[in-house]
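As a plain string of letters, each chain reads:
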Amino acid sequence: MVPVYNHPARLRSLVAALRIHSLPVLLVDDGSSDDCRALIDGLAQADHVHCLRHASNRGKGAAIMSGLTWARAQGFSHALQIDADYQHEPSDIPRFLDAARQHPQALVCGLPAFSSDMPRTRRYARYLTHVWVWINTLSLDIRDSMCGFRIYPVAACCDLIARQRMGPRMSFDTEIVVRYHWQGGQIVGVPTPVRYPPGGVSHFRMLEDNLRLSHMHARLFCGMLLRAPQLVWRRLQSSARRLP
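## A short note on the sheet that holds strand E3 (residues 49-54)
Sheet strands pair by backbone hydrogen bonding; their relative direction is either parallel or antiparallel. Strands sit in the order E1-E2-E3 across an open sheet of 3 strands; the sheet is parallel. Of all the strands in the sheet, the pair left with one neighbour each is strand E1 (2-4) and E3. The average undirected angle you get between the axes of adjacent strands in this sheet is 20°. In this fold helix H2 (residues 34-43) packs onto E1, strand E2 (25-30) and E3, with an angle of close to 145° to the strand it touches most, E3. Contacts from helix H3 (residues 60-73) reach E1, E2 and E3 within the one sheet, and its direction differs from that of E3 by about 130°.

Right under this line is the structure:
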């Protein structure tokens with residue numbers, strides 16, 4: 001599953017890299033412009049490459065939710081998400097698949113190893129989100145909630161989306177991981193390199209998306225306060241099981 005919004009530069013190469021692993025590919029076109037739309041249509045002519053299209057841009061989270069709904073309707077148990085900008089390493093897919101096989105009910109998330117070209121402001125912003133996630137789960141179980149390289153257990157995540165309205169844009173990646181953890185779901189991390197290629201396209205809007213992220217963290221903090229006794233009790237039980 002690849003959410004796409006005006007990422008034509010390396011999309012063809014990414015789809016080819018995904019097909020090496022004999023995976024069906026779903027391109028979720030989130031209202032791209034004509035050139036990217038035409039590219040997606042051409043790629044979807046290949047066997048096992050599918051296209052799901054939003055008429056207008058609704059956000060990355062909305063694209064992922066549409067993709068998960070499609071995957072469930074097609075009978076898939078799991079859906080691998082990878083971003084369209086080729087920041088992630090498709091050769092790591094077998095390691096993600098192995099983790100999903102070993103932990104079929106877990107949400108498998110990439111643990112990024114960033115290259116030196118990562119902008120410093122992004123590094124600081126990510127760490128701030130990590131801190132809020134640790135606060136909002138009362139744990140260190142989620143080491144990274146922002147990586148766009150992950151595997152979802154489809155049924156459990158679709159059920160969660162149906163019960164809980166979540167932000168349709170950049171905040172979705174973090175929110176669904178926190179809420180999955182709240183309901184007792186396991187989060188498994190897989191280390192993977194993340195690169196920032198020259199000329200890469202980012203649709204992160206500094207002011208607007210940071211405001212959305214702040215609003216999300218505030219909502220999650222309120223949710224954590226309501227769930228705090230349950231979360232603390234779960235931590236105590238987990239600690240007791242680890243005692244000799």
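Let us keep going from here.
## Quick notes on a nonpolar patch on the surface
On the surface, a cluster of nonpolar side chains totalling about 390 Å² of accessible area is made up of Leu138, Val232, Trp233 and Leu236. When you line up the elements, Leu138 lands in the loop between helix H5 (120-137) and strand E6 (150-153).

## Remarks on the packing of H3 against helix H6 (residues 154-163)
Helix packing geometry: the angle between the two helix axes and the distance between the axes. Here H3 crosses H6 at 125°, and the two axes come no closer than 10 Å. Judged on the interaxial angle alone, H6 and H3 are oblique. In the packing of H3 onto H6, the handedness of the crossing is left-handed. Here Met65, Leu68, Thr69, Ala71 and Arg72 of H3 come into contact with H6, specifically with Val154, Ala155, Cys157, Cys158, Asp159 and Ile161. Split by residue class, the contact of H3 with H6 holds 8 nonpolar, 1 polar and 2 charged.

## Some points on the side chain of Asn136
Examined against the element boundaries, Asn136 turns out to sit in helix H5. Ignoring anything within four residues of it in the chain, the contact list for Asn136 reads Trp182, His217, Leu220, Phe221, Met224 and Leu231.

## Observations regarding unusual backbone geometry
The phi angle at His48 is positive, at roughly 65°, despite the residue not being glycine. Structurally, His48 is set in the loop between H2 and E3.

## Notes on the pattern of salt bridges
Under the criterion given, the structure shown has 13 salt bridges. Notably, a salt bridge pairs Asp83 with Lys60, separated by 3.2 Å at the nearest N-O pair. Separated by 23 residues along the polypeptide, Asp83 in the loop between strand E4 (78-81) and helix H4 (93-102) and Lys60 in helix H3 bring together distant segments of the chain. Each member of the pair, Asp83 together with Lys60, is buried. Counted as one network, the salt bridges with shared partners bring together Lys60, Asp83, Arg150 and Asp173.

## Quick notes on the nonpolar core
Of all hydrophobic cores here, the largest spans 33 residues; its most connected members are Leu68, Leu107, Tyr152, Phe172 and Ile176. Elements with a minimum of two residues in this core: E2, H3, strand E5 (107-114), H6, helix H7 (172-182) and helix H8 (206-242). Residues Val15, Ala84, Tyr86 and Val190 belong to the second largest nonpolar core, which totals 30 residues.

## Let's talk about the side chain of Thr129
Mapped onto the elements of the fold, Thr129 is located in helix H5. With relative accessibility at 4%, the residue Thr129 sits in the buried group. Contacts of Thr129, omitting those with residues within four sequence positions, involve Ser145, Met146, Thr174 and His217.

Calculation criteria
Residues numbered from 1 in each chain as written. Predicted model: local features only at pLDDT ≥ 70, side-chain atom pairs only at ≥ 80, totals over all residues. Heavy atoms only, no water. Pairing = 2+ DSSP bridges. Helix = DSSP H or I, 4+ residues; strand = E, 2+ residues; numbered from the N terminus. Axes fitted to C-alpha atoms, helices over the stretch in contact; angles between N-to-C directions. Contact = heavy atoms within 4.5 Å. Patch = residues over 30% accessible without salt bridge, like charges linked within 9 Å, V, L, I, M, F, W, Y side chains within 5 Å. Areas by Shrake-Rupley, 256 points an atom, 1.4 Å probe, with all protein chains shown as cover. Salt bridge = Lys/Arg side-chain N within 4 Å of Asp/Glu carboxyl O. Parallel < 35°, antiparallel > 145°, perpendicular 65-115°, else oblique. Left-handed = near helix turned anticlockwise from the far one by under 90°. Nonpolar A, V, L, I, M, F, W, Y, C, P; charged D, E, K, R; others polar. Buried < 20%, exposed > 50% of the residue type's maximum accessible area, 1.4 Å probe, protein only. Core = buried A, V, L, I, M, F, W, Y, C linked by side-chain atoms within 4.5 Å.

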